[in-house]
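Architecture at a glance
One letter stands for each residue in the lines below.
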Amino acid sequence: MRLEALVRTSVGEALAGWGVPSALEIPVERTARPEHGDLSTRVAFVLSRTRGAPPPQIATELAARLADRSAFHAVEAAGGFVNFTLRPSAVRDVLRQILADGPRYGRRDEGQGKTVQVEFVSSNPTGPLTIGHLRQAALGDVAAALYAQLGWRCVREYYLNDEGRQMERLAQSLWARYRQALGHDEPVPEDGYHGAYLVAMGEELAQVWGDRCPRWDEAARTALRAEAVARMMTMIHEDLDAIGVRFDVWTKEGDLHRQGLVQATLAQLQQRGAVYEKDGAQWLSSTRHGLSRDPVLIRSDGTPTYTMVDIAYHLEKKRRGFNLVVNVQGADHVDEQRQVQLGLKLLGLPEGFVRYCLHQFVTLKGEEGIQRMSTRAGRFLRLKDLVAEVGRDVARYFMVMRKPGSHLVFDYDLARDTSMENPVYYVQYAHTRIASVFREAERTGEAPSDLLSVDLSALADRRELDMIKELDRFPDVVQAAAHEFAPHLLCEYLEGLSGMFHPYYAHVRILGQGPATAARLALFAGVRLVLSRGLEILGVSAPEAM
RNA sequence: GCGCCCGUAGCUCAGUUGGAUUAGAGCAGCGGCCUUCUAAGCCGCAGGCCGGGGGUUCGAUUCCUCCCGGGCGCGCCA
């Protein structure tokens, strides 16, 4: 049994004999200080209200009832807390269980086959992906991986907005570059896309097409648009490949229109009296429900806005049978999210159906200081180029190592650093060292044939037991990271575990230690398992050698 | 101006549903340590009115309020 469950069950049993309802949630925490034992409960504070006794008194009585349990070396009341010190054998049992679970360790079945759709990146095809999109790509991919750990079926989806005004500007920008390549003085529109990537494409078009599109007319629009989208998609796929993100479904905005979903959704909103007309446009009554403004759904020229299509899209997600939808989006979409959420609520969708993982932006800290990127201005670092520079593992890890809601300063120098000062290598190197020890153990014939039957009693050192207790936390970290969209918790956890492993490795000899050797190898196997499981979730490799 | 997010060591950041009279980590700084399974390392020291003022509580970095300082949004863009 896992340690928290051990304490929770024991306390629950003691309280049951006391007439406390079993439904009571018993808080169990890891202690911050060794003198407080390994785990503690503050349940006495909770009970003092209903039982009318002061917390210290309840804690003392509770501790007395638990003192003779075999798993605990000591159960002590301290103030209102009850502190538990585990017997080493109970800790070793945890390691044995982890090794028995193997690759299943950390997984749960809370999803029970339900399906979650994670929509992320969904960048307009107006240029290659940048380091800005990388954060979203990594967060979305890891969010899906985390849910998969909890037993959900995951669909990774990219919403492709290949229509609208931005595409128009892109096409016109490309056309200008194409004309320039033919020697004409055609300026890129001021609100167009100025990046160098269009220059090279314009030159290619000039070579292939010659003077085929001399004017910015309807024919040119159609041709340039198709050409631009195709070329942008090629770049985006290259960038996604570079960081190893694969999407299961690509949904095009055009498809939603063709299926009539937008009109149908609008009609539903109108039926519910949520839409009104003003200045020839259709508006959503949002302020009536506490939002800051009413957004236009249908423009006066009859075309739907992004918000309108987004509501229709989410209704479609519901129809497709997803139990949960997770949208990963940048902080600039807060207002949009509110509008969509409201629209869905008005359409009768359940409250928790859509969850947003909102993230702040990335700034790049390099030799030239901190810079703000802009795709339109052509000032950005392309994702593929970044990966070529620092590697996929570092690129991905750095993007999720901070809380999504916090701004992320990407330290280029640290990312390029291949020493263990780079947290990615610090964690990976722990894995590598263990692999190395096992290779050596194979060579010397000390590797146990069956780790599960190894006598673990030699694991009595505080550092060894602490490491096992840390391994015991892994499933909780995975669960918290998933529920709170907080993959950084996993990074911190892995760095912390590595931070326990490296000093131990440096000071404790593993091979040639008699019975202790097999026990320590079993411990290492547990650490290796958790490190590789954690890195797997993050989409980072766990190398055997570096 | 209004709304949302953020403000913790010199820097980048953690801090679990409020908890334990000593708030953590990694860099950077200072000082130690290599006959060993990779020193791509390990150990130690120093470093903080947790942006500021009020309030709630037995107890606040955590909750409420005001102020200061940053980010984002406030389009018939996406």
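Heads up: the structure comes first, above all this text.
Described in the following lines is the structure provided in the data block. (Residues numbered from 1 in each chain as written. Chains lettered and ligands numbered in written order. Predicted model: local features only at pLDDT ≥ 70, side-chain atom pairs only at ≥ 80, totals over all residues. Heavy atoms only, no water.)

Before going further, it helps to spend a moment on the protein's contact with RNA strand B. RNA strand B sits among 63 residues. The nearest are Asn-161, Tyr-429, Ser-436, Glu-492 and Val-508. Taken together, the sugar and phosphate atoms account for 61% of what RNA strand B places within 4 Å of the protein. Interatomic distance of 2.7 Å between a side-chain N/O atom of Arg-299 and a phosphate oxygen of RNA strand B. For the surface near RNA strand B, the elements supplying multiple residues, two or more each, are strand E4 (81-86), helix H6 (165-181), strand E9 (281-284), helix H12 (334-346), strand E15 (408-411), helix H16 (423-444) and helix H18 (487-507). Considering every element that reaches the surface near RNA strand B, the biggest residue donor is H18, with 8 residues. The class makeup of the residues in the surface near RNA strand B is 23 nonpolar, 19 polar and 21 charged. (Near = heavy atom within 4 Å. Polar contact = N/O pair within 3.5 Å; in protein donor to acceptor, adjacent residues only side chain to side chain. Helix = DSSP H or I, 4+ residues; strand = E, 2+ residues; numbered from the N terminus. Nonpolar A, V, L, I, M, F, W, Y, C, P; charged D, E, K, R; others polar.)

Now for helix H5 (residues 131-149). Taking 1.5 Å of rise per residue, 19 residues should cover 27 Å, and H5 covers 27 Å from first to last C-alpha, within 8% of that figure. When you tally the buried positions in H5, you get 16 out of 19 residues, the bulk of the element. Downstream of H5 by a residue or two, Gly-151 has a phi angle that is positive, lying close to 90°. (Expected span 1.5 Å × (residues − 1). Buried < 20%, exposed > 50% of the residue type's maximum accessible area, 1.4 Å probe, protein only.)

With that out of the way, let us pick up the pattern of salt bridges. Applying the stated criterion to the full structure yields 36 salt bridges. Among the ionic pairs, Glu-440 bridges to Arg-443, the shortest N-O distance being 2.5 Å. Of this pair, Glu-440 and Arg-443 are both found in helix H16, 3 residues apart, which corresponds to roughly one turn of the helix. Across the pair Glu-464 and Arg-520 runs a salt bridge, and its minimum N-O distance is 3.4 Å. Residue Glu-464 is located in helix H17 (residues 462-483), and its partner Arg-520 is located in helix H19 (residues 515-538); the two are separated by 56 residues in the primary sequence. You'll find Glu-464 and Arg-520 in the same group, each marked buried. It is possible to trace a salt-bridge network through shared partners that takes in Arg-2, Glu-4, Arg-8, Arg-30, Arg-108, Asp-472 and Asp-476. (Salt bridge = Lys/Arg side-chain N within 4 Å of Asp/Glu carboxyl O.)

What follows is about the nonpolar core. In terms of nonpolar packing, the biggest core is built from 149 residues, with Leu-224 and Phe-410 touching the most fellow members. With 13 residues, the single largest contributor to this core is H19. Counting 30 residues, the second largest nonpolar core, distinct from the first, contains Leu-266, Leu-297, Leu-315 and Phe-353. (Core = buried A, V, L, I, M, F, W, Y, C linked by side-chain atoms within 4.5 Å.)

Turning next to the sheet that holds strand E10 (residues 296-298). Taken in spatial order, the 3 strands of this open sheet run E8-E9-E10, and their pairing is antiparallel. Edge positions in the sheet fall to strand E8 (275-278) and E10, since each has one partner strand and no second. The average undirected angle you get between the axes of adjacent strands in this sheet is 45°. (Pairing = 2+ DSSP bridges. Axes fitted to C-alpha atoms, helices over the stretch in contact; angles between N-to-C directions.)

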